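Summary of structural features
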Amino acid sequence: MADYYDLLGVPREADAETLKRAYRRLARQYHPDINKDPGAEDRFKEIGRAYEVLSDPQTRSRYDQFGEAGLGGAAGAPDMGDMGGFADLFETFFSGFGGAGGAPGPRRRGPRQGDDLRLDLTISFKEAIFGQERDVQIRHLETCTTCSGSGAKSGSGPTTCGTCNGAGQVRRATRTPFGSFTQVAPCPTCEGTGQVIADPCNACGGQGLQQVRKKLRLNIPAGVDSGTRLRVAGEGNAGQRGGPAGDLYVFLTVQTNSQLRRDGIHIHSEVSVSYLQAILGDRIEVETVDGPETLEIPAGTQPGAVLTLTGKGVPKLGNPVARGNHQFTIKVKLPTKLSSEERSLLDQLAGHHASKDHPHKSGLFGGLFG
Ligand code: ZN
């Protein structure tokens, strides 16, 4: 299905009023009772679906963030209560449109909690280790400032619902071959509240919410890793009718580092030493997340040996005093070319070893590492 905004021919920042106008115009144009072109009916349904999603600030915000994927699943399913709004709107233009008078089903009209939102954030290798304050831009729904969340145009307020006279319930008699039954159902006009907004706020279309861009300062603690989820309480979408706001969840991705590899709270890297350093031992400078440090290479260090600098790893999340280690895998460089002086010294050494330890072996490797 095409983009909902494209379908309605409105920009992404269109307000409730613009959406409604665009929808009304297109619904008239493609209504199957009027337009007999092949494809008109499908188009009509698509327009209806687009408006249904975009006219509800909650589903609109999910659609803006995740596209159609955001509308599936339990949390993302459009509130059935709002489908009725779609049908009602319709009936005002096409009286007699079949189905619009059908039972709307139970409606939830009490306080409604705002949705939780997700923000994906990529941070550097070092930021993850030592923590960082980061400013981020988010978009979420806030209580409409024009109507203070009431949904009513200023100066007006909710009025008593004419359908149920404020009771919030309607009785419906159903005749069946077994007799007549009276059903009590929430009033379809006021959704059970007993009150209606006769004159909806222009800024929010009566939903009491508006999309707002906001700058947030995130405090990323030391020791986070890819997959860490930070919760920022109350920075999700605002609730409706007095419901609490949702939370913002920040999902972190940590960039890799070309030299350092992270494994939980430990850091691994490779360090190269010469064959002489490996044999004789040395002290070398190595890179750690704390900057250059001295690593002691013991005499007789073997290729592939792992040497550890304690406490130079990653701070434990929630307990930054405890830190992991930095482990160095030792690579031993062997010369590919020898100067004549080196060659003669090594020849002497090889001869010395050959006569002493392994009379049948000779050569550099046999002598040194055999
Ligand atoms: Zn408003």
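Use the structure listed above.
The sections below set out a description of the structure shown in this document. Remember, it's a predicted structure, so these values are computed and weren't measured experimentally. (Residues numbered from 1 in each chain as written. Predicted model: local features only at pLDDT ≥ 70, side-chain atom pairs only at ≥ 80, totals over all residues. Heavy atoms only, no water.)

1. Some details on the packing of aromatic side chains
For clarity, the threshold we go by: Any two of the Phe, Tyr and Trp rings considered here, Trp counted by its six-membered ring, make a pair once their centres fall within 6.5 Å; the pair's planes then place it as stacked at under 30 degrees, edge-to-face at over 60, or tilted in between. Helix and strand assignments follow DSSP, with helices taken as H or I runs no shorter than four residues and strands as E runs no shorter than two, numbered in order from the N terminus. Cation placement over rings: the criterion is NZ of Lys or CZ of Arg within 6 Å of the ring centroid and within 35° of the ring normal.
Following the criterion strictly, the structure yields three aromatic pairs and no others. Between Y4 and Y63, the ring centres sit 4.3 Å apart and the planes meet at 15 degrees, which makes this aromatic pair stacked. Of this pair, Y4 sits in helix α1 (residues 4–8) while Y63 sits in helix α4 (residues 57–66), and the two are 59 residues apart along the sequence. Ring centres of Y23 and Y51 lie 4.3 Å apart, and the angle between their planes is 5 degrees; this geometry places the pair in the stacked category. Highlighted residues: Y23 in helix α2 (residues 16–30) and Y51 in helix α3 (residues 40–54), separated in sequence by 28 residues. The ring of F251 carries the charged tip of R118 above its face, separated from the ring centre by 3.7 Å.

2. Focus on the sheet that holds strand β1 (residues 117–123)
We count it as follows: If DSSP finds at least two bridges between two strands, the strands pair. Every angle, taken between N-to-C directions, lies between 0 and 180 degrees, and every axis is a line fitted to C-alpha atoms, over only the stretch in contact when it is a helix.
Reading across the sheet, the three strands line up as β1-β9-β8 and stay open at both edges, with mixed pairing between neighbours. What marks the edges here is a single partner per strand, and that holds for β1 and β8 (229–232). Along the sheet, successive strands turn relative to each other by an average axial angle of 25 degrees, direction set aside. Two strands pair when backbone bridges link them, and β1 and strand β9 (residues 248–254) are joined in this way by seven bridges, in the parallel orientation. Looking at the pairing, I123 lines up with V254 of β9.

3. Points about the coordination of the zinc ion
Keep this limit in mind: Here the coordinating atoms are restricted to nitrogen, oxygen and sulfur within 2.8 Å of the metal centre, or 3.2 Å for Na, K and Ca, and because water is not among them the sites may look incomplete. Irregular is the default label, applied whenever a site is not tetrahedral (four donors, all angles between 85 and 135 degrees) and neither square planar nor octahedral (four or six donors, opposite donors over 155 degrees apart, all other angles between 65 and 115).
For the zinc ion, the full set of protein donor atoms is C144 (SG), C147 (SG), C201 (SG) and C204 (SG), at a range of 2.3 to 2.4 Å. Around the zinc ion, the four donor atoms are arranged such that angles at the metal cover 104 to 117 degrees; this shape is classified as tetrahedral. Between the donor residues of the zinc ion, the gaps in sequence give the motif C-x2-C-x53-C-x2-C. A residue pair is termed long-range when its members are at least 10 positions apart, and C147 in the loop between β2 (132–143) and β3 (159–160) and C201 in the loop between β6 (195–196) and β7 (209–220) qualify at 54 residues.

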